[in-house]
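Observations on the three-dimensional arrangement
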Amino acid sequence: MPREVTDPEGITWTCIQAFSGLGKDPEKAEAARVDGKDDVYKVVCTPSGGAQSVRIELPGDWERNVSDEQLLDMIQAQYRLS
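Let me begin by describing the structure that accompanies this report.

1. Some points on the environment of Cys15
Inspection of the secondary structure puts Cys15 in strand β2 (residues 12-17). For Cys15, a relative accessible area of 0% puts it in the buried group. Sequence spacing of Cys15 and Val54 is 39 residues, and the spatial spacing of their C-alpha atoms is 9.3 Å. Not counting residues within four places of it along the chain, the set of residues in contact with Cys15 comprises Met1, Pro2, Arg3, Val43, Val44, Cys45, Trp62, Leu71 and Ile75.

2. Notes on the sheet that holds strand β4 (residues 54-59)
Spatial ordering of the open sheet is given by β1-β2-β3-β4, a layout of four strands whose pairing is antiparallel. Edge positions in the open sheet fall to β1 (3-6) and β4, since each of these has one partner strand only. Shown here is a sheet whose adjacent strand axes are inclined to one another by a mean of 30 degrees, direction ignored. In terms of strand pairing, strand β3 (residues 40-47) meets β4 through six bridges, oriented antiparallel. Considered in β4, the bridge of Tyr41 is made with Leu58. Contacts from helix α3 (residues 68-81) reach β1, β2, β3 and β4 within the one sheet, and its direction differs from that of β4 by about 140 degrees.

Cut-off values and rules
Residues numbered from 1 in each chain as written. Predicted model: local features only at pLDDT ≥ 70, side-chain atom pairs only at ≥ 80, totals over all residues. Heavy atoms only, no water. Helix = DSSP H or I, 4+ residues; strand = E, 2+ residues; numbered from the N terminus. Buried < 20%, exposed > 50% of the residue type's maximum accessible area, 1.4 Å probe, protein only. Contact = heavy atoms within 4.5 Å. Pairing = 2+ DSSP bridges. Axes fitted to C-alpha atoms, helices over the stretch in contact; angles between N-to-C directions.

So this is what it looks like as structure tokens:
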């Protein structure tokens, strides 16, 4: 399920675990897992307005246990690198 957060500049970021649209098959979930890291997954965040998407790595429970502020900090850090 996508999660949306809005940064201080008014840009809404929609974040979703990579490959989640491929179904609930365990093989598909495994494709999103970060190699060599237990319970860490690739998440794609896309901003409103069509700017560049970013990929970040988050724990498996990110949808519930990562605050909006933490998520925005990670998005901004990765956005500056790209």
